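Notes for the structure review
Next come the chains, spelled out residue by residue.
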There are 2 protein chains.
Amino acid sequence: MKNLMIGSLAALFLTTSLSASAQVDPEDQITYRKAGYSFMSWNMGKIKAMAIDESVAWDPAQVQAAANSIAATANSGMGALFGPGTEKSIGDTKTRVKPEMFTDREGVTKVGMAFNKAANELAAAAQTGDKAQIVKAFAATGDSCKGCHDKFRMD
Amino acid sequence: MKNLMIGSLAALFLTTSLSASAQVDPEDQITYRKAGYSFMSWNMGKIKAMAIDESVAWDPAQVQAAANSIAATANSGMGALFGPGTEKSIGDTKTRVKPEMFTDREGVTKVGMAFNKAANELAAAAQTGDKAQIVKAFAATGDSCKGCHDKFRMD
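Residues numbered from 1 in each chain as written. Chains lettered and ligands numbered in written order. Predicted model: local features only at pLDDT ≥ 70, side-chain atom pairs only at ≥ 80, totals over all residues. Heavy atoms only, no water.

1. Structural notes on the state of the cysteines
Among covalent bonds in proteins, the disulfide is the one between the sulfur atoms of two cysteines. Residues and elements named next belong to chain A. Definition in use: Cysteine sulfur atoms are paired as a disulfide whenever they come within 2.5 Å of each other. Note on exposure labels: buried denotes an accessible area under 20% of the residue type's maximum, exposed denotes more than 50%, and partly exposed covers the range between, all computed with a 1.4 Å probe on protein chains only.
A full pass over the atoms with the stated rule returns zero disulfides over all chains. You can see Cys-145 has no disulfide; the closest cysteine sulfur is in Cys-148, sitting 8.6 Å from it. Looking at Cys-145, the relative accessible area reads 21%, which means it is partly exposed.

2. As for the confidence of the model for chain A
All names here are of chain A. Going by this rule: Per-residue confidence from the predictor is reported as pLDDT, a score between 0 and 100. Contact criterion: two residues are considered in contact whenever any of their non-hydrogen atoms come within 4.5 Å of each other.
When pLDDT is averaged along chain A, the result is 90; 86% of the residues meet or exceed 70. Taken together, the stretch residues 1–18 has pLDDT below 50 and engages in 26 contacts with residues farther than four places along the chain or on a different chain. Interface confidence in the predicted complex, given as ipTM, is 0.87; pTM for the same model is 0.88.

3. Regarding the pattern of salt bridges
All names here are of chain A. Put simply, the rule is: Salt-bridge detection follows one rule: a side-chain nitrogen of Lys or Arg within 4 Å of a carboxyl oxygen of Asp or Glu. Here a strand is any run of E in DSSP of at least two residues, a helix any run of H or I of at least four, and the numbering for each starts at the N terminus.
Enumeration according to the criterion identifies ten salt bridges over all chains in this entry. We note a salt bridge from Lys-151 to Asp-104, for which the minimum N-O separation is 3.9 Å. Taken together, the residues span a long stretch of sequence, with Lys-151 in helix 6 (residues 131–152) and Asp-104 in the loop between helix 4 (60–74) and helix 5 (105–128) at a distance of 47 residues. Of the residues examined, Lys-151 reaches a relative accessible area of 40% and is grouped as partly exposed. The exposure class of Asp-104 is partly exposed, given its relative accessible area of 25%.

4. Observations concerning the side chain of Ser-76 of chain A
On the secondary structure map, Ser-76 of chain A appears in the loop between helix 4 and helix 5. Looking at Ser-76 of chain A, the relative accessible area reads 3%, which means it is buried. Ignoring any residue separated from it by four or fewer positions in sequence, one finds Ser-76 of chain A in contact with Phe-39, Trp-42, Asn-43, Lys-46, Ala-65 and Ser-69 of chain B.

5. Some points on a positive patch on the surface
Residue and element names in this part refer to chain A. The condition that has to hold: Nonpolar side chains (Val, Leu, Ile, Met, Phe, Trp, Tyr) within 5 Å and like charges within 9 Å form the patches, drawn only from residues with over 30% relative accessible area and no salt bridge. For the area figures, the Shrake-Rupley method with a 1.4 Å probe applies, and any residue is considered shielded solely by the protein chains shown. Only four residue types enter the tally: Lys and Arg on the positive side, Asp and Glu on the negative side, with His and both chain ends excluded. Where a charge sits is defined by one atom per residue type, namely NZ (Lys), CZ (Arg), CG (Asp) or CD (Glu).
Positive charge collects at one region of the surface, where Lys-34, Lys-94, Arg-96 and Arg-153 lie side by side. Following the sequence through the fold, Lys-94 ends up in the loop between helix 4 and helix 5. When its relative accessible area of 48% is taken as the criterion, Lys-94 is described as partly exposed.

6. A word on the relation of the copies chain B and chain A
Worth spelling out the cut-off: Only residues with pLDDT of at least 70 in both copies count here: their C-alpha atoms drive the least-squares fit that superposes the copies.
For the pair chain B and chain A, the relating rotation is 180 degrees, the translation along its axis is 0.0 Å, and the fit reaches an RMSD of 0.0 Å. Look at the turn and shift together and you get a two-fold axis relating the two. Rotation axis and chain B: the residue whose C-alpha lies nearest the axis is Ala-35 of chain B, separated from it by 2.1 Å. Of the residues that chain B buries at the interface, 100% are likewise interface residues in chain A, meaning the two copies contact each other through the same surface.

7. Focus on a negative patch on the surface
Residues and elements named next belong to chain A. A contiguous patch of negative charge on the surface is contributed by Asp-25, Glu-27, Asp-28 and Asp-92. Turning to its location among the elements, Glu-27 is positioned in helix 3 (residues 26–52). What makes Glu-27 partly exposed here is its relative accessible area of 34%.

8. Details of the packing of aromatic side chains
For any pair of aromatic rings, the description consists of the separation of the ring centres together with the inter-plane angle of the planes. All names here are of chain A. This is how the line gets drawn: Under the pairing criterion, centres of Phe, Tyr and Trp rings, with the six-membered ring standing for Trp, must be within 6.5 Å; the plane angle then separates stacked pairs below 30 degrees from edge-to-face pairs above 60, leaving the rest tilted. Here, a charge over a ring is recorded when the distance from Lys NZ or Arg CZ to the ring centre is within 6 Å and its angle to the ring normal is within 35 degrees.
Scanning the entire structure with this criterion turns up four aromatic pairs over all chains. Measuring from ring centre to ring centre gives 5.3 Å for Phe-39 and Trp-42, while their planes differ by 55 degrees; the resulting arrangement is tilted. Within this pair, Phe-39 and its partner Trp-42 are both found in helix 3, separated by three residues, close to a single helical turn. As far as the burial class goes, Phe-39 and Trp-42 line up, both buried. Positioned over the ring face of Trp-42 is Lys-46, at 3.4 Å from the centre of the ring.

Dropping the structure here:
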């Protein structure tokens, strides 16, 4: 079930560009994709504070809520927000995306699927409430974020 | 189960301010909350295009993905992003929040719970794939967004 979901969502990531992005102008696509990443960053930070740094008290319900939000964002078809015209900053709407994001389809598929898989596994781990599993899945999710940043985002 | 979840998440919305927001400085809190609302706006727009405007082909999987993202964002404890020091814009980090958001606890609880409930019901409707149910739940979610904007957001 979970694997099926990951597969279909990875497909969604790759195939929604034409339909959904037609509705959203390039500047808004950049704004929305940055919003999605930014909001995931907040949720990753909350899990990190509870599970890794232990600077915030362990709260399984908050970990679950954060992990669900990350997974749902990962599964929302953000590929549609990398449509034509979004390769470069538009005025004040800055993007750090590299040109390779729009040419290296195989590489993008690989990091996109890795991220979807890791985010869904993090949500599943959070569901168990088991800290050791969550720490492991969190690290894997962080690695999958970094996998894309290293390849497709400017410093 | 769903009602239980809504109740506990509304509680989460109200009680996370002290713990989680301590980790995030006020400017980042504003950035993150705006990101959450912006990303929800994209997902609402996708459902609108498919279910209301019919300008994009009906795709139950995309409706589900969008509704899940909205619900997970609604359930992520965004109350923590309205901590002390976030009442006004900070430099270029603009906020349109009204002062009442920080004083009218009862009113905030009411709109927050209404929104959580509507977003979870939209996700449940999306799960059925039934367009009529989705249209109804989408309208209710839109109303709950507006309920907060009217009261707590400047034009």
